[in-house]
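Structure at a glance
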Amino acid sequence: MSKKAWGGRFEEKPEDWVDAFNASIHFDKNLVDEDVQGSIAHATMLANQGILTQDEASTIISELKVIQQDIHDNKVPLQESLEDIHLNIEHELIQRIGAVGGKLHTGRSRNDQVATDMHLYTKKEVQNIITSIASFQQTILNLAEQHVDTIMPGYTHLQRAQPISFAHHVMTYFWMLERDKSRFTDALKRIDLSPLGAAALSGTTYPIDRHETQALLGFGGIYENSLDAVSDRDYIVETLHNISLTMVHLSRFAEEIIFWSSEEAKFVTLSDAFSTGSSIMPQKKNPDMAELIRGKVGRTTGHLMSMLMTLKGLPLAYNKDMQEDKEGLFDAVHTLKGSLKIFEGMLASMTVNTDRLATTVRQDFSNATELADYLVMKGIPFRDAHEIVGKLVLWSIQNNMYLLDVPLDVYQAQASEIEEDIYTFLQPDEAVKRRKSYGATGQDAVKHQIEVAKQYL
Ligand code: ARG
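Residues numbered from 1 in each chain as written. Predicted model: local features only at pLDDT ≥ 70, side-chain atom pairs only at ≥ 80, totals over all residues. Heavy atoms only, no water.

1. Section: the overall build of the chain
Each helix and strand in the chain was counted, giving 19 helices and 6 strands. Scaling as 2.2 N^0.38, a compact globule of 457 residues should have a C-alpha radius of gyration of about 23 Å, whereas the chain reaches 31 Å, well beyond that. In terms of overall dimensions, the chain has C-alpha extents of about 100 × 50 × 40 Å along its principal axes. Residues classed as buried in the chain amount to 51% of the 457 residues present. In the chain, the share of contacts with a sequence separation of at least 24, taken over all contacts with a separation of at least 6, comes to 75%. (Helix = DSSP H or I, 4+ residues; strand = E, 2+ residues; numbered from the N terminus. Rg over C-alpha atoms; globule rule 2.2 N^0.38 Å. Buried < 20%, exposed > 50% of the residue type's maximum accessible area, 1.4 Å probe, protein only. Contact = heavy atoms within 4.5 Å.)

2. Observations concerning the side chain of Asn242
Structurally, Asn242 can be placed in helix α10 (residues 234-260). Accessibility expressed as a relative area gives 4% for Asn242, which makes it buried. Not counting residues within four places of it along the chain, the set of residues in contact with Asn242 comprises Arg183, Phe184 and Ala187.

3. Some thoughts on unusual backbone geometry
Residue Ala317 follows Leu316 across a cis peptide bond; omega there is 0°. Among the structural elements, Ala317 can be located in the loop between α11 (288-311) and α12 (325-348). The phi angle at Glu83 is positive, at roughly 65°, despite the residue not being glycine. Residue position: Glu83 is located in the loop between α4 (54-72) and α5 (85-97). On the basis of relative accessibility, which here comes to 4%, the residue Glu83 falls in the buried class.

4. Concerning the nonpolar core
Core analysis: the largest hydrophobic core is formed by 97 residues, its most contacted members being Ile140, Phe253 and Phe343. Contacts of Phe343, omitting those with residues within four sequence positions, involve Phe136, Leu250, Phe253, Ala254, Ile257 and Ile293. Among the nonpolar cores identified, the runner-up in size contains 22 residues, and Leu371, Ile380, Val393 and Tyr423 belong to it. (Core = buried A, V, L, I, M, F, W, Y, C linked by side-chain atoms within 4.5 Å.)

5. Some points on the packing of helix α6 (residues 110-146) against α12
Interaxial distance between α6 and α12 falls to 10 Å at its minimum, and their mutual angle equals 15°. By the angle class used here, α6 and α12 are roughly parallel. Considering only the axes of α6 and α12, their crossing is left-handed. Each residue belonging to the contact of α6 with α12 can be placed in one class, and the counts come to 16 nonpolar, 5 polar and 5 charged. (Axes fitted to C-alpha atoms, helices over the stretch in contact; angles between N-to-C directions. Parallel < 35°, antiparallel > 145°, perpendicular 65-115°, else oblique. Left-handed = near helix turned anticlockwise from the far one by under 90°. Nonpolar A, V, L, I, M, F, W, Y, C, P; charged D, E, K, R; others polar.)

6. Regarding the packing of aromatic side chains
Counted by the stated rule, this structure contains 13 aromatic pairs. What links up through ring pairs into an aromatic cluster is the set Phe136, Tyr173, Phe253 and Phe343. A cation over an aromatic ring shows up here: Arg434 above the ring of Phe425, its NZ or CZ 3.5 Å from the ring centre. (Phe/Tyr/Trp six-rings, centres within 6.5 Å; stacked < 30°, edge-to-face > 60°. Lys NZ or Arg CZ within 6 Å of the ring centre and 35° of its normal.)

7. Here's the deal with the site of the ligand
Close to the ligand lie Ser24, Asp28, Asp84, His86, Arg110, Asn111, Val114, Tyr318, Gln323 and Lys326, which account for all nearby residues. The separation between an oxygen atom of the ligand and a polar side-chain atom of Lys326 is 2.5 Å. Protein burial of the ligand: of its 340 Å² of free accessible surface, 86% is covered by the chains. Residues that form the shell around the ligand fall into these classes: 2 nonpolar, 4 polar and 4 charged. (Near = heavy atom within 4 Å. Polar contact = N/O pair within 3.5 Å; in protein donor to acceptor, adjacent residues only side chain to side chain. Areas by Shrake-Rupley, 256 points an atom, 1.4 Å probe, with all protein chains shown as cover.)

8. Points about the UniProt feature "domain: Argininosuccinate lyase C-terminal" (unreviewed entry) in the chain
In the numbering used here, UniProt assigns the "domain: Argininosuccinate lyase C-terminal" (unreviewed entry) feature to residues 365-433. Secondary structure content for residues 365-433 is 64% helix and 0% strand, and the end C-alpha separation is 17 Å. (UniProt positions renumbered as here; feature names shortened; annotations may be inferred.)

9. Quick look at α5
Under the 1.5 Å per step criterion, the end-to-end length of α5 is 18 Å for 13 residues, consistent within 8% with the ideal 18 Å. The buried fraction of α5 is high, at 10 of 13 residues. Of the residues making up α5, those classed as buried are Ile85, His86, Leu87, Asn88, Ile89, Glu90, His91, Glu92, Leu93 and Ile97. In this fold, the buried residues of α5 make contact with α2 (25-28), α3 (32-48), α4 and α6. Trailing α5 by a residue or two, Gly98 shows a phi angle of about 80°, which is positive. (Expected span 1.5 Å × (residues − 1).)

Right, dumping it as structure tokens:
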């Protein structure tokens with residue numbers, strides 16, 4: 001067992017199983033790069049401020065870089081008894097360069113160190129997420145461009161409502177993701193702050209320069225209050241929320257794809273590469289990827305709740321509870337990035353069954369609103385028109401027909417204003433074409449929408 005960095009005031013050592021409970025090394029080894037980056041900035045600043053000599057700082061910095069690579073190459077035995085990545089690296093440094101390694105921690109605490117690492121990590125990953133969302137949006141846009149003229153049933157209450165363009169439907173997800181991207185971007189203002197130099201909680205007596213480390217680490221801002229700097233985990237809560245909401249959006253889209261690929265709908269066919277089979281039923285082709293994405297929103301939301309509960313009632317400043325901020329965030333980031341990548345592949349390789357959609361949309365009453373609008377056009381008040389169409393729908397159901405099959409004399413018996421042109425008027429693609437209002441599903445409006453969307457990418 002290694003000697004504890006804080007061992008001085010202790011007469012006894014914890015047992016291995018106590019060390020194991022206390023340790024975070026098995027997950028915070030994920031922060032190697034951020035930890036070394038933070039330490040290099042700190043050492044550079046210490047030397048520039050005359051707190052370390054330039055020689056001492058160079059020795060520390062060059063060895064830190066070697067240790068970083070060695071950890072990636074699994075050449076450094078990371079130890080639970082050394083708790084976390086910070087103490088493992090410091091221990092290794094002292095082993096390799098001797099007493100001078102012990103000077104790195106001057107004017108710093110693990111409390112501002114871990115906060116710095118987490119800010120660097122969250123910033124990096126949020127930027128990666130923004131890029132992944134943009135790439136997914138591009139895939140949606142490509143799909144939409146191919147299907148402006150593909151007509152499908154639009155639903156409310158999962159009942160056929162009105163015909164819409166397939167492009168219009170999928171573009172909805174483009175805009176949801178656009179809002180997600182803007183939430184992540186906005187959160188960067190609060191993530192991109194330097195806590196380094198706050199030390200344990202109260203700042204330090206050494207003549208450090210926090211603005212220098214802020215600049216060296218590329219942070220856009222700095223915490224004004226040292227206590228706040230080490231106690232704040234809001235940016236993690238916020239990121240977990242943004243991840244959860246994006247996952248909720250992906251799960252809604254996944255659910256639609258699961259329904260669309262069912263035998264009942266057959267609106268789309270998923271590629272074999274993104275489907276799986278059954279161990280017992282040879283005919284099966286299951287949308288497992290979409291189901292997993294739909295399901296994984298449970299874990300990301302769980303991590304959000306967990307972080308909120310961990311922070312509730314925590315007094316200032318650092319408390320060990322805060323070590324619980326890492327696994328959930330790492331897992332949520334991993335889950336979202338994985339889901340975006342899989343979804344993108346699934347969407348790009350999916351076939352939209354345009355013929356099937358065209359047939360489907362003729363076998364329902366989703367053109368009933370059109371008939372009412374037709375009557376309004378002929379001068380009948382909308383409420384009366386609604387009543388007349390309701391009766392015609394009932395007649396059609398009773399006679400096993402759809403509105404396009406109803407004979408002209410039946411129409412005219414209800415409203416003498418109805419003429420032969422009703423059969424063109426009720427065509428689903430005509431219905432879509434007439435929706436020219438801004439943001440509507442009409443082909444021209446959708447083309448405009450797609451042009452606007454391109455400007456966001
Ligand atoms: N492993 C710790 C964490 O993740 C590092 C900070 C420890 N600080 C302390 N005072 N014990 O939060």
